Amino acid sequence: MSRRRVVVTGMGIVSPVGSTVEAAWSNILAGKSGIVPITHFDASAFSARIAGLVSGFRAEDYLGPKDIRRTDSAVHYGVAAAKQAVRDAGLEITDENRFRIGVCIGSGIGGIGRIAEETAALHKCGPRRVSAFLAPSVIINIISGYVSIDLGITGPNLAVSAACTTATHAIGIGTRLIQYGDADAFIVGGAECASVPAGIAGFCRARALSTRNDSPQQASRPWDQDRDGFVVADGSGVLLLEEYEHARRRGARIYAELSGFGTSGDAVHLSQPAADGCGSRRSIQYALKDARLNPEQVNYVNAHGASTPAGDLAETLGIKGALGDHAYRCPVSSTKSMTGHLLGAAGGVESIFAVLALRDRVVPPTINLDRPGPGCDLDYVPHTARQMDLDVVMLNSFGFGGTNCTLVFKRLS
């Protein structure tokens, strides 16, 4: 059987820069940061006291009161973004097609806030005070479960958890299942809410976070000489993928074709990338091979670019290794400079920005890049968005455990 084409027909987002796609994209192009001081708990004893926080979001617009009480905020964000994506795509779910639609929305950490709260209740008041809904409120696949139940979807129902590549892998897996005939449409992405005491404390102890607490909007500074770690952020990014002919027959608006998916492992360290970028290089190469494209055809890279000293350099080396001399002619930028790092949701949110870059023929900027650090010598589109012709856009995601994932989107031909 020949491989079927996969296209993007719907998108939904909850993020620090906006909780609709167009609001978030407008702020990204304007270079507006969503990173703010933490105020929802007392963070005074933490070395990092800033995060990319969601504001103005109404969970009651997407879930009933009981479900809101019983589930973690990561679930609220994921369900909201999924419903936005289905609405954006104009896809009607019926008794005739629901078994041909799948859901794969993951999380890197899951309901860490709810787990911490219930653990505290256990230690303080005993086991009878632990919620009977603890397990179904925090497990990784519960977002996919809620979406499938709410929308009546009976096709493949699964989740992925692969650290900061979670959403990117979910998108890739959904693509594969459509390509080989297991579904005609897939709701894919990731959600995260780790800006809770346990989440922030763990990353602080690992010395992974920026401590630029007095200037939060300048804290996430990918490739900059003064970068000092990433900034935790919350939210969700979800795409609706369809088989091309399925989308065309129903007259769907098609944003882009998803033509390449590549993944690799570093096998070096639990939290540090391969210093020479070999893992990211292979991920990029595999994605380009899958897309049947040459390196010179890539017009823009939406980078992982998390603002960590080791990671930013390793990704730069990986891009150079995969694209060769073309790497110096290809714009590379990091929207994490504005959103912070949404962990397992990052690839979903950044895939949306990659697709919109294709749609609008504009490369979003990397803000806070004042002095590129040693070895960081590519065109990182500092400070200001750039209009240019784009036909092929690549997205990178890398995560703890040495996991790497790359997607390739292209203008529909």
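Our structure is the block above this text.
Residues numbered from 1 in each chain as written. Predicted model: local features only at pLDDT ≥ 70, side-chain atom pairs only at ≥ 80, totals over all residues. Heavy atoms only, no water.

## Quick look at the overall build of the protein
Then step 1. Check the secondary structure of the protein and you find 13 helices and 14 strands.
Then step 2. In summary, the protein has a C-alpha radius of gyration of 20 Å against a globular reference of 22 Å for 413 residues, a match within 12%.
Then step 3. Taken along the three principal axes of its C-alpha coordinates, the protein extends 65 × 55 × 40 Å.
Then step 4. The 413 residues of the protein split such that 59% are buried.
Then step 5. Taking as baseline every contact in the protein between residues at least 6 positions apart, the subset at least 24 positions apart corresponds to 79%.
Then step 6. Here the protein displays about 15600 Å² of accessible surface, and carbon together with sulfur accounts for 51% of that area.
Then step 7. In the protein, which carries 40 positive and 39 negative side-chain charges, the distance between the mean positions of the two groups comes to 2 Å. (Helix = DSSP H or I, 4+ residues; strand = E, 2+ residues; numbered from the N terminus. Rg over C-alpha atoms; globule rule 2.2 N^0.38 Å. Buried < 20%, exposed > 50% of the residue type's maximum accessible area, 1.4 Å probe, protein only. Contact = heavy atoms within 4.5 Å. Areas by Shrake-Rupley, 256 points an atom, 1.4 Å probe, with all protein chains shown as cover. Lys, Arg positive; Asp, Glu negative; His and termini not counted. Charge placed at Lys NZ, Arg CZ, Asp CG, Glu CD.)

## As for the sheet that holds strand 6 (residues 185-192)
Then step 1. Pairing in this open sheet of 10 strands is mixed, and the strands run 5-4-6-7-1-8-14-13-9-10 from one edge to the other. The two strands at the open ends of the sheet, each matched to only one other strand, are strand 5 (157-158) and strand 10 (332-333).
Then step 2. The pairing of strand 6 with strand 7 (residues 235-243) spans eight bridges and is classified as antiparallel. By the bridge assignment for strand 7, F186 is matched with L241.
Then step 3. Of the strands in this sheet, strand 4 (101-106), strand 5 and strand 6 are in contact with helix 6 (residues 142-151), which crosses strand 4 at around 150°.
Then step 4. Across the sheet, helix 7 (residues 166-179) is in contact with strand 1 (6-14), strand 4, strand 5, strand 6, strand 7, strand 8 (256-265), strand 13 (392-399) and strand 14 (403-410); its angle to strand 6 comes to roughly 170°. (Pairing = 2+ DSSP bridges. Axes fitted to C-alpha atoms, helices over the stretch in contact; angles between N-to-C directions.)

## A closer look at the nonpolar core
Then step 1. Ranked by internal contacts, the top residues of the largest apolar core, which has 48 residues, are V8, M11, L239, L241, I352, F353 and F409.
Then step 2. Here this core takes nine residues from helix 13 (residues 346-360), the largest share from any one element.
Then step 3. Filtering out sequence-adjacent residues up to four positions away, M11 remains in contact with V21, Q84, A85, D88, V238, L239, Y255, I352, V355 and L356. (Core = buried A, V, L, I, M, F, W, Y, C linked by side-chain atoms within 4.5 Å.)

## Digging into the packing of helix 10 (residues 278-291) against helix 11 (residues 309-323)
Then step 1. Running from N to C, helix 10 and helix 11 point in directions that differ by 40°, and their axes come no closer than 7 Å. In terms of orientation, helix 10 and helix 11 fall into the oblique class. Crossing geometry of helix 10 relative to helix 11 is assigned as right-handed. Contacts between helix 10 and helix 11 involve S280, R281, I284, Q285 and L288 on the former and, on the latter, A314, E315, G318, I319, G321, A322 and L323.
Then step 2. Broken down by class, the residue content of the contact of helix 10 with helix 11 amounts to six nonpolar, four polar and two charged. (Parallel < 35°, antiparallel > 145°, perpendicular 65-115°, else oblique. Left-handed = near helix turned anticlockwise from the far one by under 90°. Nonpolar A, V, L, I, M, F, W, Y, C, P; charged D, E, K, R; others polar.)

## Things to note about the pattern of salt bridges
Where charged atoms from two side chains of opposite charge approach closely, those side chains can pair.
Then step 1. Here the structure, examined in full by the defined rule, presents 24 salt bridges.
Then step 2. Where salt bridges share partners, they join R3, R176 and D290 into one cluster. (Salt bridge = Lys/Arg side-chain N within 4 Å of Asp/Glu carboxyl O.)

## Side note on the packing of aromatic side chains
Centre-to-centre distance and the angle between the planes together describe a pair of aromatic rings.
Then step 1. Summed over all chains, the structure comprises seven aromatic pairs.
Then step 2. Consider the rings of F203 and F400, whose centres lie 6.4 Å apart with planes at 65°: the pair is edge-to-face. Placement of F203 in helix 8 (residues 197-205) and of F400 in the loop between strand 13 and strand 14 is noted, with a sequence separation of 197 residues between them.
Then step 3. Take F203: its relative accessible area is 13%, and that puts it in the buried class.
Then step 4. Centroid distance W223 to Y380: 4.2 Å. Interplanar angle 15°. Geometry classified as stacked. Separated by 157 residues along the polypeptide, W223 in the loop between helix 8 and strand 7 and Y380 in the loop between strand 11 (362-363) and strand 12 (386-387) bring together distant segments of the chain.
Then step 5. For W223, a relative accessible area of 0% corresponds to the buried category.
Then step 6. R5 extends its terminal NZ or CZ atom over the ring of Y244, reaching a point 4.6 Å from the ring centre. (Phe/Tyr/Trp six-rings, centres within 6.5 Å; stacked < 30°, edge-to-face > 60°. Lys NZ or Arg CZ within 6 Å of the ring centre and 35° of its normal.)

## Some words on unusual backbone geometry
Then step 1. The backbone of A163 shows a phi angle near 55°, a positive value even though the residue is not glycine.
Then step 2. Considering the arrangement of structural elements, one finds A163 in the loop between strand 5 and helix 7.
Then step 3. Here A163 falls in the partly exposed class, since its relative accessible area comes to 23%.
Then step 4. A positive phi angle, near 65°, is found at N368, a position not held by glycine.
Then step 5. For N368, the position within the fold is in the loop between strand 11 and strand 12.
Then step 6. For N368, a relative accessible area of 9% gives the class buried.

## Structural notes on the packing of helix 7 against helix 13
Then step 1. Packing of helix 7 against helix 13 brings their axes to within 5 Å, and their N-to-C directions diverge by 65°. In this view, helix 7 runs roughly perpendicular relative to helix 13, as classed from their interaxial angle. Across the interface between the two elements, A167, T168 and I171 of helix 7 pack against G347, G348 and S351 of helix 13.
Then step 2. For the contact of helix 7 with helix 13, a count of residues per class yields two nonpolar, four polar and no charged.

## Things to note about helix 13
Then step 1. In this model helix 13 runs 21 Å from its N-terminal to its C-terminal C-alpha over 15 residues, within 8% of the 21 Å that 1.5 Å per residue would give.
Then step 2. Extensive coverage of helix 13 is indicated by the burial of 13 of its 15 residues. (Expected span 1.5 Å × (residues − 1).)

## Regarding helix 10
Then step 1. Across its 14 residues, helix 10 extends 20 Å between first and last C-alpha, which sits within 8% of the 20 Å expected from 1.5 Å per residue.
Then step 2. Along helix 10, the positions that sit buried rather than exposed are C278, G279, S280, S283, I284, A287, L288, D290 and A291.
Then step 3. Each element contacted by the buried residues of helix 10 is listed here: helix 7, strand 8, helix 11, strand 13 and strand 14.
Then step 4. A positive phi of about 60° marks R292, the residue just after helix 10.

Bear in mind that shape data such as this cannot, by itself, settle questions of function.
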